[in-house]
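Single-letter residue listing:
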Amino acid sequence: MMSGMDAMGWTGAVVGFVGGLYAVAGCVLAIRDQRRLARQGVEFPQARERPSEREQRARLERALRTGADDAELLVLRRYATNLRAQRYQAMLWAALLLLQIGPFLMAPGGARAALVVVAVLLFVPGVTRVGRNLRIGTAFLRRCPSDQLGALPAG
């Protein structure tokens, strides 16, 4: 018969293992997505050349409410693609959270509990942000689809 600690240990090992698999899957899917975008000719400007994520999201939300002119569509499509490209970050953060929970279940203690709490406090807002970005980017690309995105002019 398995004792409570043994069951918790196995549960922790399984949660950690699933977290590791989830992390690997997230990395593979993110790489595939980036390669697909590269084949489509999508070139993302350097971070210093593009507006912040918050500014991109605000412009997309405004365009979804009020519409956008043709001159702005290419830039807005790029922003929407940029926000959607972050979708695998949520997978990776969830995997990292599972990788914190697994060892805690295997050997509960104050320090490990603190790490889990810190991980939750760090990762949940990020996952929420990525979900919001994904929803807005997807809605914009549905409303204004494009088979091929061109290069965004620098500056």
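Heads up: these notes are all about the structure in this document. All values derive from a computational prediction rather than experimental measurement. (Residues numbered from 1 in each chain as written. Predicted model: local features only at pLDDT ≥ 70, side-chain atom pairs only at ≥ 80, totals over all residues. Heavy atoms only, no water.)

**Describing the packing of helix α2 (residues 53-66) against helix α5 (residues 110-143)**
Next up, step 1: Where α2 contacts α5, the two axes come as close as 10 Å, and the packing angle between them is 40°. Considering the angle they form, α2 stands oblique to α5. Viewed along their axes, α2 and α5 form a crossing whose handedness is left-handed. Of the residues in α5, those touching α2 at E53, R57, L60, E61, A63, L64 and R65 are R129, R132, N133, I136, A139, F140 and R143.
Next up, step 2: Across the contact of α2 with α5, the residue classes break down as six nonpolar, one polar and seven charged. (Axes fitted to C-alpha atoms, helices over the stretch in contact; angles between N-to-C directions. Helix = DSSP H or I, 4+ residues; strand = E, 2+ residues; numbered from the N terminus. Parallel < 35°, antiparallel > 145°, perpendicular 65-115°, else oblique. Left-handed = near helix turned anticlockwise from the far one by under 90°. Contact = heavy atoms within 4.5 Å. Nonpolar A, V, L, I, M, F, W, Y, C, P; charged D, E, K, R; others polar.)

**Concerning the environment of D6**
Next up, step 1: Relative to the elements of secondary structure, D6 occurs in helix α1 (residues 4-39).
Next up, step 2: Using a relative accessible area of 41% as the deciding quantity, one classes D6 as partly exposed.
Next up, step 3: For D6 and M106, which are 100 residues apart along the polypeptide, the C-alpha to C-alpha distance reads 8.2 Å. (Buried < 20%, exposed > 50% of the residue type's maximum accessible area, 1.4 Å probe, protein only.)

**Overview of α5**
Next up, step 1: Compared with an ideal rise of 1.5 Å per residue, which puts 34 residues at 50 Å, α5 spans 49 Å between its outermost C-alpha atoms and is within 8% of the ideal.
Next up, step 2: Of the positions making up α5, those classed as buried are V116, A119, F123, G126, V130, N133, I136, G137, T138, F140 and L141.
Next up, step 3: On the buried face of α5, the contacting elements are α2, α3 (70-84) and α4 (87-106). (Expected span 1.5 Å × (residues − 1).)

**Some points on the pattern of salt bridges**
Next up, step 1: Applying the stated criterion across every chain, the model contains four salt bridges.
Next up, step 2: Where R57 meets E53, a salt bridge forms, and the shortest distance between an N and an O atom there is 3.7 Å. Residue R57 and its partner E53 are located together in helix α2, separated by four residues, close to a single helical turn.
Next up, step 3: The exposure class of R57 is buried, given its relative accessible area of 9%.
Next up, step 4: Where R59 meets E72, a salt bridge forms, and the shortest distance between an N and an O atom there is 2.7 Å. Within this pair, whereas R59 is found in helix α2, its partner E72 is found in helix α3, the two being separated by 13 residues in sequence. (Salt bridge = Lys/Arg side-chain N within 4 Å of Asp/Glu carboxyl O.)

**Some remarks on a nonpolar patch on the surface**
Next up, step 1: On the surface, V14, F17, V18 and L21 cluster together into a nonpolar patch covering about 380 Å² of accessible area.
Next up, step 2: Summarising the element assignment, V14 is placed in helix α1. (Patch = residues over 30% accessible without salt bridge, like charges linked within 9 Å, V, L, I, M, F, W, Y side chains within 5 Å. Areas by Shrake-Rupley, 256 points an atom, 1.4 Å probe, with all protein chains shown as cover.)

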